[in-house]
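As a plain string of letters, each chain reads:
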Amino acid sequence: MTGIGKLRELKVLKLFSSGKNLRAVLATQTCPSSLQVLVIRTQKIYSLDFMAQVPPGLQTFMCNSYFEAFPRWIDPSLSCLTVLSIMLVGVHVRPEHLDKLAELPSLRFLRICAPLPPPEQEKLVIHSSPFAFPCLTDLRISCSLMFLKFRPGAMRKLQILCLRFDPTRTNEHFQTNNFDYGFGNLPSVQHVVIKSWGYEHPEAQDAIRKTINDHPNHPSLDFS
């Protein structure tokens, strides 16, 4: 890693590890400032604050490990970041976390997997704003709880929406009795994929199908 850190023209780095000592290595070594793509594949759980530095020109960050904290290094200074894929475990996703994601000026693809949300997880509302998620076209969320609610005009450029969640558990957790998540409020959506977490829920499928059928774009709908 010390040698890799000296490769001042390195643009793509993919690390594959069982996890042993990887955190210590990344916490003490500096990635080349020229780095544009960073892919990490491990089998361990780490805090997302393990990196000593995030290259300012980073365009793609993807990691298949489950992390225990939302990354503090996500902020608008990552002006080139277009692809972000993170996996969270036991993390309470808060409004300020969404605000940080929304402020990324070049983000086009966002994937978040949060299989074990804590009991205090609240529903988060995505409001209409020309400055929030200005370039996002592809959103993929995998969580037992559907904790997002879209208001009219939210995520103005979003074309692809892929969600995996449990409608029954979502309603029980948020003490609601409907399946209105605001999918019809996404003005540019073209493709919607809904994957069932656990057993299929025909009532939820019917409600979502009606919402999508009423959308002026007539987006495609796939219940996988």
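It should be emphasised that the depicted structure is a prediction, and the values quoted were computed from it without experimental measurement. (Residues numbered from 1 in each chain as written. Predicted model: local features only at pLDDT ≥ 70, side-chain atom pairs only at ≥ 80, totals over all residues. Heavy atoms only, no water.)

Caption draft 1: Structural detail: the packing of aromatic side chains. A full pass over the atoms with the stated rule returns four aromatic pairs. Taking 5.1 Å as the distance between ring centres and 70° as the angle between the ring planes, the aromatic pair formed by Phe-61 and Trp-73 counts as edge-to-face. Here Phe-61, found in strand β3 (residues 60-67), pairs with Trp-73, found in the loop between β3 and β4 (83-88); they are twelve residues apart in sequence, far enough to count as distant. Overall, the relative accessible area of 1% leaves Phe-61 in the buried class. (Phe/Tyr/Trp six-rings, centres within 6.5 Å; stacked < 30°, edge-to-face > 60°. Helix = DSSP H or I, 4+ residues; strand = E, 2+ residues; numbered from the N terminus. Buried < 20%, exposed > 50% of the residue type's maximum accessible area, 1.4 Å probe, protein only.)

Caption draft 2: Summary view of the side chain of Ser-34. The residue Ser-34 is located in the loop between α2 (22-28) and β2 (37-41) in this model. Of note is the side chain of Ser-34, whose polar atom sits 2.6 Å from the backbone oxygen of Leu-10. (Polar contact = N/O pair within 3.5 Å; in protein donor to acceptor, adjacent residues only side chain to side chain.)

Caption draft 3: A look at the pairing of β2. Counting buried positions along β2 yields four of five residues, so the element is predominantly enclosed. Bridge analysis of strand β1 (residues 12-16) against β2 gives five bridges, and the strand direction is parallel. Paired with Lys-14 across the bridge in β2 is Val-39. (Pairing = 2+ DSSP bridges.)

From the geometry alone we can't say anything about function, so treat these as descriptive.
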